[in-house]
Protein chains: 2
Amino acid sequence: MRVALIGAGNLATNLGKALIRAEHEVVQVWSRTEESAGALAMVLKCSWTTNLEEVVKNADVFIIAVKDSVLALVASALKEGREGQLMVHTAGSLPMGVLPTERRGVLYPMQTFSKNKEVDFRVIPCFVESSKEKDLALLKTLSSTISNTVYELDGENRKYLHLAAVFCCNFANHCFTLSADLLKKHGDLPFSVMLPLIDETAAKLYAMSPREAQTGPAVRWDENVMAKQLQLLADESNMQKIYELMSKSIHGMI
Amino acid sequence: MRVALIGAGNLATNLGKALIRAEHEVVQVWSRTEESAGALAMVLKCSWTTNLEEVVKNADVFIIAVKDSVLALVASALKEGREGQLMVHTAGSLPMGVLPTERRGVLYPMQTFSKNKEVDFRVIPCFVESSKEKDLALLKTLSSTISNTVYELDGENRKYLHLAAVFCCNFANHCFTLSADLLKKHGDLPFSVMLPLIDETAAKLYAMSPREAQTGPAVRWDENVMAKQLQLLADESNMQKIYELMSKSIHGMI
(Lines give C-alpha, C1' and ligand atoms only; values in the text may rest on other atoms or scores of the structure.)
Protein backbone atom coordinates (compact mmCIF):
# COMPACT_ATOMS: atom_id res chain seq x y z
CA MET A 1 0.00 0.00 0.00
CA ARG A 2 0.98 3.64 -0.46
CA VAL A 3 1.34 5.28 2.94
CA ALA A 4 1.93 8.94 3.81
CA LEU A 5 3.59 9.22 7.19
CA ILE A 6 2.75 12.36 9.17
CA GLY A 7 5.26 12.58 12.02
CA ALA A 8 8.86 11.49 12.53
CA GLY A 9 9.09 10.69 16.24
CA ASN A 10 9.88 7.35 17.88
CA LEU A 11 6.58 5.72 16.92
CA ALA A 12 6.59 7.07 13.34
CA THR A 13 10.18 5.92 12.89
CA ASN A 14 9.52 2.38 14.11
CA LEU A 15 6.28 2.19 12.15
CA GLY A 16 7.89 3.51 8.97
CA LYS A 17 10.66 0.91 9.13
CA ALA A 18 8.12 -1.86 9.72
CA LEU A 19 6.09 -0.72 6.71
CA ILE A 20 9.18 -0.77 4.47
CA ARG A 21 10.13 -4.24 5.71
CA ALA A 22 6.64 -5.42 4.79
CA GLU A 23 7.23 -3.95 1.31
CA HIS A 24 4.76 -1.13 1.51
CA GLU A 25 5.62 2.18 -0.07
CA VAL A 26 6.05 5.13 2.27
CA VAL A 27 5.47 7.87 -0.28
CA GLN A 28 6.37 10.83 1.91
CA VAL A 29 7.28 11.87 5.44
CA TRP A 30 6.08 15.09 7.03
CA SER A 31 7.56 16.52 10.19
CA ARG A 32 7.60 19.96 11.78
CA THR A 33 11.37 20.21 11.53
CA GLU A 34 13.64 19.65 8.54
CA GLU A 35 16.07 17.64 10.65
CA SER A 36 13.64 14.97 11.73
CA ALA A 37 11.73 14.84 8.43
CA GLY A 38 14.96 14.56 6.46
CA ALA A 39 16.48 11.99 8.78
CA LEU A 40 13.51 9.64 8.64
CA ALA A 41 13.03 10.12 4.88
CA MET A 42 16.64 9.08 4.36
CA VAL A 43 16.05 5.87 6.33
CA LEU A 44 12.81 5.14 4.47
CA LYS A 45 14.20 6.30 1.10
CA CYS A 46 11.30 8.63 0.34
CA SER A 47 10.59 12.35 -0.10
CA TRP A 48 9.85 14.64 2.80
CA THR A 49 8.34 18.02 3.62
CA THR A 50 7.77 20.28 6.61
CA ASN A 51 4.78 21.95 4.92
CA LEU A 52 1.43 20.21 5.36
CA GLU A 53 0.13 21.82 2.14
CA GLU A 54 2.87 20.06 0.21
CA VAL A 55 1.95 16.62 1.48
CA VAL A 56 0.79 14.31 -1.34
CA LYS A 57 -2.89 14.63 -2.18
CA ASN A 58 -3.64 10.93 -2.19
CA ALA A 59 -2.40 7.72 -0.63
CA ASP A 60 -4.05 4.51 0.51
CA VAL A 61 -3.75 5.82 4.04
CA PHE A 62 -2.38 8.88 5.83
CA ILE A 63 -0.96 7.77 9.18
CA ILE A 64 -0.72 10.65 11.63
CA ALA A 65 1.76 9.80 14.40
CA VAL A 66 2.28 13.08 16.24
CA LYS A 67 1.97 14.20 19.85
CA ASP A 68 -1.56 13.96 21.28
CA SER A 69 -1.61 17.70 21.95
CA VAL A 70 -1.17 18.70 18.28
CA LEU A 71 -3.03 15.82 16.64
CA ALA A 72 -6.33 17.66 16.04
CA LEU A 73 -4.52 20.69 14.65
CA VAL A 74 -2.34 18.71 12.25
CA ALA A 75 -5.27 16.58 11.06
CA SER A 76 -7.44 19.61 10.44
CA ALA A 77 -4.74 21.32 8.36
CA LEU A 78 -4.16 18.09 6.45
CA LYS A 79 -7.84 17.64 5.58
CA GLU A 80 -7.91 20.54 3.14
CA GLY A 81 -7.62 19.13 -0.37
CA ARG A 82 -7.66 15.54 0.95
CA GLU A 83 -11.31 15.29 2.05
CA GLY A 84 -11.94 11.86 0.53
CA GLN A 85 -8.74 10.30 1.92
CA LEU A 86 -8.42 7.79 4.78
CA MET A 87 -6.71 9.31 7.80
CA VAL A 88 -5.74 7.34 10.89
CA HIS A 89 -4.02 8.23 14.11
CA THR A 90 -1.88 6.05 16.38
CA ALA A 91 -2.84 7.34 19.85
CA GLY A 92 -4.14 4.96 22.49
CA SER A 93 -6.02 7.48 24.56
CA LEU A 94 -7.67 9.63 21.88
CA PRO A 95 -10.98 8.85 20.16
CA MET A 96 -11.19 8.39 16.41
CA GLY A 97 -13.38 11.51 16.39
CA VAL A 98 -10.42 13.88 16.77
CA LEU A 99 -9.90 13.29 13.04
CA PRO A 100 -12.06 15.57 10.85
CA THR A 101 -12.37 13.41 7.72
CA GLU A 102 -15.28 11.15 6.91
CA ARG A 103 -12.97 8.21 6.26
CA ARG A 104 -11.03 7.86 9.47
CA GLY A 105 -9.60 5.30 11.80
CA VAL A 106 -7.07 4.33 14.44
CA LEU A 107 -4.03 2.07 14.27
CA TYR A 108 -2.67 1.85 17.83
CA PRO A 109 0.53 -0.18 18.19
CA MET A 110 0.79 -0.78 21.93
CA GLN A 111 4.43 -0.51 22.88
CA THR A 112 6.87 1.78 24.70
CA PHE A 113 9.09 3.37 22.07
CA SER A 114 12.46 4.90 22.85
CA LYS A 115 15.00 6.75 20.74
CA ASN A 116 17.91 4.59 19.59
CA LYS A 117 16.26 1.34 20.59
CA GLU A 118 14.66 -0.47 17.71
CA VAL A 119 11.78 -2.80 18.50
CA ASP A 120 10.54 -5.87 16.67
CA PHE A 121 7.25 -4.59 15.32
CA ARG A 122 5.95 -8.09 14.53
CA VAL A 123 5.44 -8.84 18.24
CA ILE A 124 3.65 -5.55 18.96
CA PRO A 125 -0.12 -5.96 19.22
CA CYS A 126 -1.96 -3.49 17.01
CA PHE A 127 -5.50 -2.29 17.73
CA VAL A 128 -7.54 -0.95 14.84
CA GLU A 129 -10.82 0.89 14.47
CA SER A 130 -12.52 2.65 11.59
CA SER A 131 -15.75 4.43 10.75
CA LYS A 132 -16.22 2.40 7.56
CA GLU A 133 -16.21 -1.37 7.02
CA LYS A 134 -14.01 -1.12 3.94
CA ASP A 135 -11.44 1.05 5.70
CA LEU A 136 -11.48 -1.24 8.72
CA ALA A 137 -10.68 -4.16 6.41
CA LEU A 138 -7.85 -2.11 4.87
CA LEU A 139 -6.39 -1.30 8.31
CA LYS A 140 -6.61 -4.93 9.40
CA THR A 141 -4.83 -6.05 6.25
CA LEU A 142 -2.16 -3.38 6.58
CA SER A 143 -1.59 -4.09 10.28
CA SER A 144 -1.36 -7.83 9.81
CA THR A 145 1.52 -7.34 7.38
CA ILE A 146 3.58 -5.62 10.08
CA SER A 147 2.33 -7.33 13.27
CA ASN A 148 1.44 -10.89 14.29
CA THR A 149 -1.33 -9.67 16.59
CA VAL A 150 -4.14 -7.44 15.34
CA TYR A 151 -7.32 -6.74 17.25
CA GLU A 152 -10.35 -4.68 16.32
CA LEU A 153 -11.15 -2.47 19.32
CA ASP A 154 -13.51 0.47 19.72
CA GLY A 155 -12.47 3.80 21.21
CA GLU A 156 -14.10 3.25 24.59
CA ASN A 157 -12.26 -0.02 25.22
CA ARG A 158 -9.07 1.42 23.72
CA LYS A 159 -9.09 4.07 26.45
CA TYR A 160 -9.04 1.30 29.06
CA LEU A 161 -6.40 -0.60 27.12
CA HIS A 162 -4.20 2.48 27.21
CA LEU A 163 -4.85 2.86 30.93
CA ALA A 164 -3.96 -0.82 31.45
CA ALA A 165 -0.71 -0.15 29.58
CA VAL A 166 0.04 2.73 31.97
CA PHE A 167 -0.16 0.27 34.86
CA CYS A 168 1.90 -2.44 33.09
CA CYS A 169 4.60 -0.20 31.74
CA ASN A 170 4.75 3.22 33.45
CA PHE A 171 3.80 2.19 36.99
CA ALA A 172 5.80 -1.05 36.96
CA ASN A 173 8.80 0.91 35.69
CA HIS A 174 8.37 3.40 38.53
CA CYS A 175 8.58 0.49 40.99
CA PHE A 176 11.94 -0.26 39.34
CA THR A 177 13.04 3.37 39.85
CA LEU A 178 12.17 3.30 43.55
CA SER A 179 14.02 -0.01 43.86
CA ALA A 180 17.09 1.49 42.16
CA ASP A 181 17.02 4.39 44.62
CA LEU A 182 16.99 2.00 47.59
CA LEU A 183 19.90 -0.02 46.20
CA LYS A 184 21.94 3.10 45.54
CA LYS A 185 21.37 4.43 49.04
CA HIS A 186 21.91 1.21 50.97
CA GLY A 187 24.96 -0.76 49.92
CA ASP A 188 25.46 1.14 46.65
CA LEU A 189 24.55 -1.93 44.61
CA PRO A 190 24.23 -1.53 40.82
CA PHE A 191 20.68 -1.82 39.52
CA SER A 192 21.86 -4.66 37.26
CA VAL A 193 21.54 -7.03 40.25
CA MET A 194 17.75 -6.69 39.84
CA LEU A 195 17.61 -7.61 36.15
CA PRO A 196 17.35 -11.41 36.59
CA LEU A 197 14.52 -10.90 39.09
CA ILE A 198 12.69 -8.51 36.75
CA ASP A 199 13.20 -10.87 33.79
CA GLU A 200 11.79 -13.80 35.76
CA THR A 201 8.86 -11.68 37.01
CA ALA A 202 8.04 -10.97 33.35
CA ALA A 203 8.76 -14.53 32.16
CA LYS A 204 6.38 -16.09 34.71
CA LEU A 205 3.48 -14.34 32.97
CA TYR A 206 3.87 -16.71 30.01
CA ALA A 207 3.08 -19.61 32.36
CA MET A 208 0.51 -18.15 34.76
CA SER A 209 -1.69 -15.10 35.37
CA PRO A 210 -0.18 -12.18 37.34
CA ARG A 211 -2.56 -12.94 40.20
CA GLU A 212 -1.23 -16.52 40.37
CA ALA A 213 2.35 -15.25 40.06
CA GLN A 214 2.07 -12.91 43.04
CA THR A 215 4.60 -13.60 45.80
CA GLY A 216 5.98 -11.62 48.72
CA PRO A 217 5.00 -10.51 52.22
CA ALA A 218 1.77 -8.72 51.22
CA VAL A 219 0.08 -11.68 49.55
CA ARG A 220 1.00 -13.86 52.57
CA TRP A 221 0.01 -10.92 54.80
CA ASP A 222 3.21 -11.43 56.79
CA GLU A 223 2.68 -8.55 59.23
CA ASN A 224 6.06 -9.07 60.83
CA VAL A 225 8.03 -8.53 57.60
CA MET A 226 5.71 -5.71 56.46
CA ALA A 227 6.07 -3.80 59.73
CA LYS A 228 9.87 -4.09 59.53
CA GLN A 229 9.94 -2.97 55.91
CA LEU A 230 7.71 0.04 56.63
CA GLN A 231 10.15 0.90 59.40
CA LEU A 232 13.06 0.76 56.93
CA LEU A 233 11.20 3.40 54.93
CA ALA A 234 10.77 5.74 57.90
CA ASP A 235 12.75 8.49 56.12
CA GLU A 236 11.03 7.91 52.78
CA SER A 237 7.44 8.98 53.27
CA ASN A 238 6.76 8.66 49.54
CA MET A 239 7.88 5.05 49.31
CA GLN A 240 6.22 4.29 52.62
CA LYS A 241 2.84 5.46 51.27
CA ILE A 242 3.30 3.40 48.12
CA TYR A 243 4.37 0.36 50.16
CA GLU A 244 1.25 0.56 52.31
CA LEU A 245 -1.17 1.15 49.48
CA MET A 246 0.28 -1.56 47.24
CA SER A 247 0.42 -4.09 50.08
CA LYS A 248 -3.22 -3.47 50.99
CA SER A 249 -4.22 -3.69 47.35
CA ILE A 250 -2.31 -6.96 46.85
CA HIS A 251 -4.12 -8.41 49.81
CA GLY A 252 -7.46 -7.13 48.51
CA MET A 253 -8.02 -4.92 51.54
CA ILE A 254 -9.11 -1.79 49.67
CA MET B 1 31.55 -29.71 48.96
CA ARG B 2 29.30 -31.82 51.13
CA VAL B 3 26.02 -30.00 51.70
CA ALA B 4 23.12 -30.89 53.98
CA LEU B 5 19.92 -29.35 52.69
CA ILE B 6 17.36 -28.45 55.35
CA GLY B 7 14.09 -27.76 53.54
CA ALA B 8 12.47 -28.99 50.33
CA GLY B 9 10.42 -26.03 49.11
CA ASN B 10 10.82 -24.07 45.87
CA LEU B 11 14.08 -22.44 46.88
CA ALA B 12 15.62 -25.62 48.35
CA THR B 13 14.65 -27.55 45.22
CA ASN B 14 16.18 -25.05 42.82
CA LEU B 15 19.27 -24.68 45.01
CA GLY B 16 19.72 -28.44 45.38
CA LYS B 17 19.59 -28.96 41.62
CA ALA B 18 22.10 -26.16 41.08
CA LEU B 19 24.47 -27.72 43.64
CA ILE B 20 24.29 -31.10 41.91
CA ARG B 21 24.91 -29.52 38.51
CA ALA B 22 28.01 -27.87 39.97
CA GLU B 23 29.11 -31.36 41.14
CA HIS B 24 28.72 -30.78 44.85
CA GLU B 25 27.41 -33.59 47.00
CA VAL B 26 24.06 -33.05 48.66
CA VAL B 27 24.46 -35.61 51.43
CA GLN B 28 20.91 -35.44 52.79
CA VAL B 29 17.60 -33.63 52.55
CA TRP B 30 15.43 -32.86 55.54
CA SER B 31 11.83 -31.77 55.27
CA ARG B 32 8.89 -31.76 57.65
CA THR B 33 6.90 -34.13 55.44
CA GLU B 34 7.90 -37.46 53.95
CA GLU B 35 6.39 -36.52 50.59
CA SER B 36 8.50 -33.44 50.00
CA ALA B 37 11.69 -34.85 51.56
CA GLY B 38 11.39 -38.03 49.52
CA ALA B 39 10.55 -36.24 46.30
CA LEU B 40 13.52 -33.89 46.46
CA ALA B 41 15.90 -36.64 47.62
CA MET B 42 14.91 -38.67 44.58
CA VAL B 43 15.75 -35.77 42.28
CA LEU B 44 19.07 -35.14 44.04
CA LYS B 45 19.82 -38.87 44.46
CA CYS B 46 20.54 -38.63 48.19
CA SER B 47 19.14 -39.84 51.51
CA TRP B 48 16.38 -38.02 53.35
CA THR B 49 14.77 -37.71 56.78
CA THR B 50 11.90 -35.91 58.46
CA ASN B 51 13.62 -36.07 61.83
CA LEU B 52 16.09 -33.28 62.63
CA GLU B 53 17.92 -35.54 65.08
CA GLU B 54 18.68 -37.96 62.24
CA VAL B 55 20.30 -35.30 60.07
CA VAL B 56 23.98 -36.01 59.41
CA LYS B 57 26.30 -34.73 62.14
CA ASN B 58 28.76 -33.06 59.83
CA ALA B 59 28.91 -31.46 56.40
CA ASP B 60 30.85 -28.58 54.90
CA VAL B 61 27.71 -26.52 55.23
CA PHE B 62 24.14 -26.95 56.45
CA ILE B 63 21.87 -24.83 54.25
CA ILE B 64 18.57 -24.07 55.96
CA ALA B 65 15.97 -23.05 53.37
CA VAL B 66 12.68 -23.07 55.27
CA LYS B 67 9.91 -20.53 55.85
CA ASP B 68 11.01 -17.40 57.76
CA SER B 69 8.52 -18.15 60.51
CA VAL B 70 10.06 -21.51 61.48
CA LEU B 71 13.71 -20.76 60.70
CA ALA B 72 14.82 -20.01 64.29
CA LEU B 73 13.05 -23.09 65.61
CA VAL B 74 14.54 -25.45 63.00
CA ALA B 75 18.04 -24.01 63.43
CA SER B 76 17.87 -24.30 67.19
CA ALA B 77 16.82 -27.95 67.03
CA LEU B 78 19.52 -28.63 64.47
CA LYS B 79 22.28 -27.11 66.59
CA GLU B 80 22.25 -29.90 69.14
CA GLY B 81 25.13 -32.25 68.36
CA ARG B 82 26.31 -30.02 65.49
CA GLU B 83 27.69 -27.08 67.51
CA GLY B 84 30.89 -26.71 65.50
CA GLN B 85 29.20 -26.91 62.09
CA LEU B 86 28.60 -24.05 59.61
CA MET B 87 24.93 -23.21 59.27
CA VAL B 88 23.55 -20.71 56.78
CA HIS B 89 20.09 -19.53 55.93
CA THR B 90 18.72 -18.24 52.62
CA ALA B 91 16.31 -15.52 53.76
CA GLY B 92 16.63 -11.97 52.44
CA SER B 93 14.90 -10.21 55.29
CA LEU B 94 16.29 -12.08 58.31
CA PRO B 95 19.57 -11.29 60.09
CA MET B 96 22.35 -13.85 60.34
CA GLY B 97 21.76 -13.74 64.11
CA VAL B 98 18.64 -15.89 63.95
CA LEU B 99 21.06 -18.81 63.65
CA PRO B 100 22.33 -20.07 67.05
CA THR B 101 25.68 -21.53 66.00
CA GLU B 102 29.02 -19.77 66.28
CA ARG B 103 29.85 -20.55 62.65
CA ARG B 104 26.96 -19.06 60.73
CA GLY B 105 26.16 -17.20 57.58
CA VAL B 106 23.67 -16.27 54.89
CA LEU B 107 23.43 -17.30 51.25
CA TYR B 108 20.56 -15.28 49.75
CA PRO B 109 19.77 -16.07 46.12
CA MET B 110 17.59 -13.18 45.01
CA GLN B 111 14.89 -14.56 42.76
CA THR B 112 11.16 -15.32 42.71
CA PHE B 113 10.78 -19.09 42.84
CA SER B 114 7.63 -20.90 41.74
CA LYS B 115 6.61 -24.53 41.79
CA ASN B 116 7.03 -26.30 38.43
CA LYS B 117 9.06 -23.50 36.90
CA GLU B 118 12.76 -24.18 36.92
CA VAL B 119 15.08 -21.20 36.89
CA ASP B 120 18.62 -20.86 35.61
CA PHE B 121 20.51 -20.50 38.85
CA ARG B 122 23.64 -19.18 37.13
CA VAL B 123 21.97 -15.82 36.43
CA ILE B 124 20.62 -15.40 39.96
CA PRO B 125 22.70 -12.96 42.02
CA CYS B 126 23.71 -14.48 45.37
CA PHE B 127 24.45 -12.38 48.44
CA VAL B 128 26.63 -13.90 51.14
CA GLU B 129 27.57 -13.00 54.68
CA SER B 130 29.34 -14.85 57.48
CA SER B 131 30.58 -14.32 61.02
CA LYS B 132 34.00 -15.79 60.19
CA GLU B 133 36.44 -14.91 57.40
CA LYS B 134 37.09 -18.56 56.57
CA ASP B 135 33.40 -19.39 56.34
CA LEU B 136 32.79 -16.27 54.24
CA ALA B 137 35.45 -17.49 51.83
CA LEU B 138 33.80 -20.92 51.76
CA LEU B 139 30.37 -19.39 50.99
CA LYS B 140 31.83 -17.20 48.26
CA THR B 141 33.51 -20.20 46.67
CA LEU B 142 30.40 -22.34 46.92
CA SER B 143 28.13 -19.58 45.54
CA SER B 144 30.39 -18.81 42.63
CA THR B 145 30.15 -22.42 41.45
CA ILE B 146 26.37 -22.10 41.11
CA SER B 147 25.95 -18.40 40.20
CA ASN B 148 27.76 -15.93 37.94
CA THR B 149 27.09 -13.06 40.34
CA VAL B 150 28.13 -13.20 43.99
CA TYR B 151 28.21 -10.22 46.32
CA GLU B 152 29.26 -9.95 49.93
CA LEU B 153 26.55 -7.98 51.72
CA ASP B 154 25.90 -7.37 55.40
CA GLY B 155 22.55 -7.94 57.07
CA GLU B 156 21.55 -4.28 57.25
CA ASN B 157 22.00 -3.70 53.52
CA ARG B 158 20.45 -7.10 52.75
CA LYS B 159 17.23 -5.91 54.43
CA TYR B 160 17.11 -3.01 51.97
CA LEU B 161 18.00 -5.30 49.09
CA HIS B 162 15.06 -7.51 50.00
CA LEU B 163 12.82 -4.44 50.20
CA ALA B 164 14.07 -3.29 46.80
CA ALA B 165 13.15 -6.73 45.46
CA VAL B 166 9.63 -6.32 46.86
CA PHE B 167 9.26 -3.16 44.74
CA CYS B 168 10.80 -4.74 41.61
CA CYS B 169 8.98 -8.03 41.75
CA ASN B 170 5.91 -7.96 44.02
CA PHE B 171 4.71 -4.41 43.39
CA ALA B 172 5.49 -4.44 39.67
CA ASN B 173 3.61 -7.73 39.42
CA HIS B 174 0.65 -6.19 41.21
CA CYS B 175 0.56 -3.45 38.55
CA PHE B 176 0.25 -6.31 36.04
CA THR B 177 -2.67 -7.78 38.03
CA LEU B 178 -4.54 -4.46 38.05
CA SER B 179 -3.89 -4.14 34.35
CA ALA B 180 -5.26 -7.64 33.73
CA ASP B 181 -8.42 -6.73 35.66
CA LEU B 182 -8.97 -3.64 33.49
CA LEU B 183 -8.50 -5.64 30.28
CA LYS B 184 -10.91 -8.34 31.42
CA LYS B 185 -13.59 -5.83 32.36
CA HIS B 186 -13.31 -3.57 29.33
CA GLY B 187 -13.16 -5.37 26.02
CA ASP B 188 -12.39 -8.80 27.55
CA LEU B 189 -8.90 -8.79 26.07
CA PRO B 190 -6.53 -11.62 27.06
CA PHE B 191 -3.64 -10.51 29.27
CA SER B 192 -1.24 -11.92 26.66
CA VAL B 193 -1.66 -8.66 24.69
CA MET B 194 0.42 -6.99 27.40
CA LEU B 195 3.37 -9.40 27.27
CA PRO B 196 5.33 -7.62 24.50
CA LEU B 197 4.96 -4.32 26.37
CA ILE B 198 6.10 -5.90 29.65
CA ASP B 199 9.02 -7.62 27.91
CA GLU B 200 10.13 -4.35 26.34
CA THR B 201 9.73 -2.49 29.65
CA ALA B 202 12.11 -5.06 31.19
CA ALA B 203 14.46 -5.15 28.18
CA LYS B 204 14.95 -1.36 28.19
CA LEU B 205 16.65 -1.66 31.59
CA TYR B 206 19.64 -3.33 29.92
CA ALA B 207 20.17 -0.12 27.94
CA MET B 208 19.19 2.64 30.38
CA SER B 209 18.28 3.30 34.02
CA PRO B 210 14.61 2.94 35.00
CA ARG B 211 14.46 6.71 35.58
CA GLU B 212 15.64 7.32 32.00
CA ALA B 213 13.24 4.65 30.72
CA GLN B 214 10.16 6.27 32.29
CA THR B 215 7.44 7.18 29.78
CA GLY B 216 3.72 7.97 30.03
CA PRO B 217 1.39 10.79 31.04
CA ALA B 218 2.76 11.23 34.58
CA VAL B 219 6.38 11.91 33.63
CA ARG B 220 5.17 14.42 31.00
CA TRP B 221 2.62 15.66 33.58
CA ASP B 222 -0.06 15.57 30.90
CA GLU B 223 -2.94 16.74 33.09
CA ASN B 224 -5.48 16.25 30.36
CA VAL B 225 -4.76 12.53 29.93
CA MET B 226 -4.37 12.00 33.68
CA ALA B 227 -7.71 13.63 34.49
CA LYS B 228 -9.44 11.47 31.87
CA GLN B 229 -7.78 8.29 33.14
CA LEU B 230 -8.73 9.06 36.75
CA GLN B 231 -12.28 9.51 35.49
CA LEU B 232 -12.17 6.06 33.84
CA LEU B 233 -11.37 4.67 37.30
CA ALA B 234 -14.33 6.39 38.97
CA ASP B 235 -15.78 3.00 40.02
CA GLU B 236 -12.41 1.61 41.10
CA SER B 237 -11.38 3.63 44.14
CA ASN B 238 -8.47 1.27 44.80
CA MET B 239 -6.91 1.71 41.37
CA GLN B 240 -7.73 5.40 41.44
CA LYS B 241 -5.71 5.85 44.65
CA ILE B 242 -2.80 3.90 43.20
CA TYR B 243 -2.99 5.89 39.95
CA GLU B 244 -2.82 9.19 41.81
CA LEU B 245 -0.04 8.18 44.18
CA MET B 246 2.13 6.60 41.48
CA SER B 247 1.63 9.55 39.12
CA LYS B 248 2.64 12.04 41.78
CA SER B 249 5.62 9.90 42.73
CA ILE B 250 6.74 9.57 39.09
CA HIS B 251 6.62 13.33 38.76
CA GLY B 252 8.50 13.76 42.02
CA MET B 253 5.65 15.61 43.68
CA ILE B 254 5.66 13.76 46.98
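Residues numbered from 1 in each chain as written. Chains lettered and ligands numbered in written order. Predicted model: local features only at pLDDT ≥ 70, side-chain atom pairs only at ≥ 80, totals over all residues.

Q: When you look at the confidence of the model for chain A in this model, what are you seeing that I'm missing?
A: Averaged over all residues, the pLDDT of chain A equals 95, while 100% of them reach at least 70. Scored as a complex, the prediction yields pTM 0.91 and ipTM 0.92. (pLDDT = per-residue confidence, 0-100.)

Q: Sorry, what's going on with the relation of the copies chain A and chain B here?
A: There are two copies of the chain, and a rotation about an axis plus a shift along that axis relates them. By a simple turn and slide, chain A fits onto chain B: the slide is 0.0 Å along the axis, the RMSD is 0.0 Å, and the turn is 180°. Such values leave the two copies arranged in the relation of a two-fold axis. In terms of C-alpha distance to the rotation axis, chain A has Ala172(A) as its closest residue, with the C-alpha 2.2 Å off the axis. Mapped onto chain B, 99% of the interface residues of chain A again fall at the interface, so both copies present the same surface. (Least-squares fit on C-alpha atoms with pLDDT ≥ 70 in both. Contact = placed C-beta atoms within 7 Å.)

Q: What am I meant to see in the domain arrangement of chain A here?
A: Residue and element names in this part refer to chain A. Per the domain assignment, the segments of chain A are domain 1 (2–153) and domain 2 (158–250). Here the C-alpha centre of domain 2 lies 35 Å away from the C-alpha centre of domain 1. Tallying the contact residues gives 9 residues for domain 1 and 6 residues for domain 2. In terms of residue class, the side of domain 1 that touches domain 2 is made up of 5 nonpolar, 3 polar and 1 charged. (Domains from an automatic or database assignment. Nonpolar A, V, L, I, M, F, W, Y, C, P; charged D, E, K, R; others polar.)

Q: Before we go on, may I ask you to explain the nonpolar core in this structure?
A: When a protein is soluble and globular, its nonpolar side chains tend to lie buried together. Ranked by size, the top nonpolar core spans 170 residues in total, and within it Ile63(A), Cys168(A), Ile63(B) and Cys168(B) carry the most contacts. Each residue touching Ile63(B), except ones within four places of it in the same chain, is listed here: Val3(B), Leu5(B), Ile6(B), Leu15(B), Val88(B), Thr90(B) and Leu107(B). (Core = buried A, V, L, I, M, F, W, Y, C linked by C-beta atoms within 7 Å. Buried ≥ 20, exposed ≤ 12 C-beta atoms within 10 Å, placed from the backbone.)

Q: Could you clarify how one ought to interpret the interface of chain A and chain B in this entry?
A: Frequently, the measure chosen for interface size is the accessible area that the parts lose on association. Listed by partner, the interface residues are 76 residues for chain A and 75 residues for chain B. Elements with a contribution of two residues or more to the side of chain A that touches chain B: α5 (155–185), α6 (195–203), α7 (210–213), α8 (217–220), α9 (223–232) and α10 (237–250) of chain A. Top contributing element to the side of chain A that touches chain B by residue count: α5(A), with 24 residues. Across the side of chain A that touches chain B, the residue classes break down as 46 nonpolar, 21 polar and 9 charged. (Helix = DSSP H or I, 4+ residues; strand = E, 2+ residues; numbered from the N terminus.)

Q: Can you walk me through the pairing of strand β6 (residues 104–109) of chain B in this structure?
A: The side chains of a regular strand alternate, first on one face of the sheet and then on the other. Residues and elements named next belong to chain B. Of all 6 residues making up β6, 6 are buried, and the element is well covered by its neighbours. By the alternation rule, side chains of β6 split into Arg 104, Val 106 and Tyr 108 and Gly 105, Leu 107 and Pro 109, which are all buried. Taken together, the 3 bridges between strand β5 (residues 87–89) and β6 define a ladder with parallel strand orientation. Bridge pairing in β6 links His 89 to Val 106. (Pairing = 2+ DSSP bridges.)

Q: Looking at this model, I keep getting lost on the environment of Leu182(B). Mind explaining?
A: Considering the arrangement of structural elements, one finds Leu182(B) in helix α5 (residues 155–185). Spatially, the C-alpha atom of Leu182(B) lies 52 Å from that of Ala59(B), the residues being 123 residues apart in sequence. Each residue touching Leu182(B), except ones within four places of it in the same chain, is listed here: Tyr160(A), Leu163(A) and Ala164(A).

Q: What's the story with the pairing of strand β6 (residues 104–109) of chain A in this structure? I'm lost.
A: Looking at chain direction, β6(A) and strand β7 (residues 126–130) of chain A are connected through 5 bridges and run antiparallel. Opposite Pro109(A), over in β7(A), you have Cys126(A) as the bridge partner.

Q: Where do I start with the sheet that holds strand β8 (residues 150–152) of chain A in this structure?
A: Strand pairing in a sheet takes place through backbone hydrogen bonds and is either antiparallel or parallel in direction. Residue and element names in this part refer to chain A. The mixed open sheet is built from 8 strands, whose spatial order is β3-β2-β1-β4-β5-β6-β7-β8. Strands with a single pairing partner mark the edges of an open sheet, and in this sheet they are β3 (47–49) and β8. Each strand axis lies, on average, 25° off the axis of its neighbour in the sheet, ignoring direction. Contacts from helix α3 (residues 68–79) reach β1 (2–6), β4 (61–64) and β5 (87–89), with the element oriented near 155° to β4. (Axes fitted to C-alpha atoms, helices over the stretch in contact; angles between N-to-C directions.)

Q: Can you walk me through the packing of α10(A) against α5(B) in this structure?
A: In a pair of packed helices, the angle between the axes and the distance between the axes together describe the arrangement. Where α10(A) contacts α5(B), the two axes come as close as 10 Å, and the packing angle between them is 60°. With respect to α5(B), the element α10(A) is oriented oblique. In the crossing of α10(A) with α5(B), the sense of the turn from one axis to the other is left-handed. Between α10(A) and α5(B), the residues in contact are Met246(A), Ser249(A) and Ile250(A) and Asn170(B), Phe171(B) and His174(B), respectively. Classifying every residue of the contact of α10(A) with α5(B) gives 3 nonpolar, 3 polar and no charged. (Parallel < 35°, antiparallel > 145°, perpendicular 65-115°, else oblique. Left-handed = near helix turned anticlockwise from the far one by under 90°.)

Q: Would you explain the environment of Asp154(A) in this entry?
A: Note that Asp154(A) resides in the loop between β8 and α5. Counting along the chain gives 27 residues from Asp154(A) to Phe127(A), while the straight-line C-alpha distance between them is 8.7 Å.

Q: Sorry if this is basic, but what is going on with helix α2 (residues 34–44) of chain B here?
A: Every α-helix winds through 3.6 residues per turn, so residues three or four apart in the chain are directed the same way. Residue and element names in this part refer to chain B. Restricting attention to buried positions, one finds in α2 the residues Ala 37, Leu 40, Ala 41 and Leu 44. Projected down its long axis, α2 shows its buried positions confined to an angular sector of 105°, all on one face. In α2, those exposed residues whose orientation departs by more than 90 degrees from the buried face are Glu 34, Glu 35 and Met 42. Considering only its buried residues, α2 is in contact with α1 (10–21), β2 (25–30) and β3 (47–49). Where α2 terminates, the next one or two residues include Lys 45, which has phi positive at roughly 55°. (Arc of directions from axis to C-beta.)

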